[in-house]
Amino acid sequence: KEVTSRNFIEQAIDQDLADGVYDHVCTRFPPEPNGYLHIGHAKSILLNYGLAQEYHGEFHLRFDDTNPMKEKSEYVESIKEDIKWLGADWKDHLYFASDYFDQMYEAALKLIKKGKAFVCDLSAEEIRQYRGTLKEPGKESPYRNRSIDENLKLFEDMKDGKYPDGSKVLRAKIDMASPNINMRDPVIYRVAHMTHHNTKDKWCIYPMYDFAHPIEDAIEGITHSCCTLEFEDHRPLYNWVVREVEYQMPPRQIEFAKLYLTNVVTGKRYIKKLVEEGIVDGWDDPRLVTIAALKRRGFTPESIRMFVELVGVSKANSSVDYAMLDYCIREDLKKKAPRMMGVLHPVKLVIDNYPKDKKEELEVPNNMENPNLGSRKVIFGRELYIERDDFMEEPPKKYFRMYPGNEVRLMNAYFVTCTGLKKDEDGIITEIHCTYDPKSRGGNSPDGRKVKGTIQWVEAETAVLAQCRLYENIIDEDKGVYNEDGSLNLNPDSLTTIDDCRLEAGFLNAKPYDKFQFVRNGFFCVDSHDSRPGALVFNRIVSLKSSFKI
Ligand code: ATP
Ligand code: MG
Ligand code: MG
């Protein structure tokens, strides 16, 4: 492999292997089961899994369920499903951090016995005050010099439920004058009389994240623990824990930048808010960027992998334009998805010189750019539907589609010339009339006559009725994510539902998650919740036009 193309994490791993720090690579993805995974997590999953693959190492999935307050087992299944869907495989390396509570307790005892941890009776507020600020050092707790025996006794009593929540904590004894505030005797265990989803009522003391996480990594033999930048300041504490608990092969923490997307809500906290307030239709509403939502909207694992690769790993936080995600799914589907005809806003087109009871089948390629997708037969007849805005009674200059007297091509079918129209009392066009040139079958005329406009159509009698849902960003791009009062600045037009779309008969058997290009209208996916045979529902994944250049 070329050295120049290696990211900073790969370079660090290469160095560790060369120096003999480790002789293999083991990574992990450690989600907290407190919500659904989103596109940011996909970056972390694919990064960690990718490293394990690249170095022929192991990849662990570990549920970081040490906080009994927020976690629910209901999220565990969705997380597993999403990771599998992305193509990351933890094989038999599925772990729960709560399974290590005994070892964490033992580790705490070890620290106490080494004189490296003490039970502190200060309140949370006092601890905060004593901690000091970036400019001034902290103040030592009056309980800091308790004897080892007293600490052992008190810690055991904490475990045995003798103290109420918040009355006592176990703290690491490090350095109250450290310039890194995380090192000023951080709390490592707290009392919380809560039922844990896994260990039930076995424990009433729970380890803090900064203590638990390095232990989890060390127990599993993780070599490289990749996490996001906000943990950079916690690394000295991470290293302190694995050193003082005396693990044989201490893991190494490496930080990378979080993935942020513009114009969408990425934080679990905000997504939860949208779900709980009923602003969106659940965690997998196609306007969200949870993995479940992206899947429902019609994104493919390949498109997300491409996206994550394009974004790359870096040490600097930045936001990526959502348009890049659109670009990736277009790239992935343009040759994979069949291109079929659908009309979102139908108006009748009647071909007056076409025989009344005749129908014919036209052979149409499924994807002009990919002959491997073969061809299909499309029914043609006297009455069709076309897109309402493919007709104008009084066209402006350079309008090449249908208007009285103009000839256009019905895609893959015939040339037709508009002869007239019908309107209802309100002046709405109800029917457009035309004549066709039978010699132009297939879409070309033998006399070499050219037409400028080509439009799609659907035979009226055999057309499939469908609902199509079009999406826009849920946040109004121009005005930013938040209003002045801190509320989310929602785009009122983020969902448009069109109920009477007409699709060619070949759509009849479309199944959930099937993906198509509707020619001229974008890429669409059959909705997995609401679509039924006979009442199809499609989500527009993305339109065909792109402003994004690479
Ligand atoms: P959120 O803030 O969205 O709730 P989180 O960090 O609390 O995310 P966890 O379940 O704790 O969610 O995250 C599991 C892993 O995913 C962590 O290693 C975390 O660093 C990583 N991760 C979370 N968000 C992102 C992101 N936006 N980009 C890259 N990695 C992320
Ligand atoms: Mg977290
Ligand atoms: Mg979180």
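Residues numbered from 1 in each chain as written. Chains lettered and ligands numbered in written order. Predicted model: local features only at pLDDT ≥ 70, side-chain atom pairs only at ≥ 80, totals over all residues.

Caption draft 1: Spotlight on the domain arrangement of the protein. Assigned domains of the protein: these are domain 1 (8-256) and domain 2 (346-444). Placing the centre of domain 1 and that of domain 2 at their C-alpha centroids yields a distance of 65 Å. (Domains from an automatic or database assignment.)

Caption draft 2: A look at the site of ligand 1. Among the 14 residues in the neighbourhood of ligand 1, the closest are listed as Pro-31, Gly-40, Ser-44, Thr-228 and Lys-268. Elements represented by at least two residues in the shell around ligand 1 include exactly helix H2 (39-54) and strand E8 (224-228). By residue number, the principal contributor to the shell around ligand 1 is H2, which donates four residues. Among the residues making up the shell around ligand 1, the classes are represented as four nonpolar, six polar and four charged. (Near = placed C-beta within 6 Å. Helix = DSSP H or I, 4+ residues; strand = E, 2+ residues; numbered from the N terminus. Nonpolar A, V, L, I, M, F, W, Y, C, P; charged D, E, K, R; others polar.)

Caption draft 3: Looking closely at the packing of helix H11 (residues 301-311) against helix H12 (residues 322-336). Orientation of H11 relative to H12, taken along the N-to-C sense of each, is 130°, at an axis distance of 8 Å. Accordingly, the angle class assigned to the pair H11 and H12 is oblique. For H11 against H12, the interelement crossing comes out right-handed. Residues Glu-302, Ser-303, Met-306, Phe-307 and Leu-310 of H11 pack against Met-324, Leu-325, Cys-328, Ile-329, Glu-331 and Asp-332 of H12. (Axes fitted to C-alpha atoms, helices over the stretch in contact; angles between N-to-C directions. Parallel < 35°, antiparallel > 145°, perpendicular 65-115°, else oblique. Left-handed = near helix turned anticlockwise from the far one by under 90°. Contact = placed C-beta atoms within 7 Å.)

Caption draft 4: Layout of the environment of Leu-373. Here Leu-373 is to be found in the loop between strand E15 (359-365) and strand E16 (375-381). Measuring from C-alpha to C-alpha, the distance between Leu-373 and Arg-339 comes to 9.8 Å, with 34 residues separating the pair along the chain. Every residue in contact with Leu-373, bar those within four places of it in the chain, is listed here: Pro-338, Asn-366 and Asn-367.

Caption draft 5: Representation of the sheet that holds strand E26 (residues 522-526) in the model. In space, the seven strands of this open sheet follow the order E12-E25-E26-E27-E23-E24-E13, with mixed pairing throughout. Both edges of this open sheet fall to strand E12 (339-340) and strand E13 (342-343), since each of them pairs with a single strand only. As defined by bridge partners, E12 adjoins strand E25 (residues 515-518) across two bridges and the pair is classed as parallel. The partner of Arg-339 across the bridge, within E25, is Gln-517. Strands E25, E26 and strand E27 (536-542) of the sheet are contacted by H12, whose axis makes an angle of about 115° with E27. (Pairing = 2+ DSSP bridges.)

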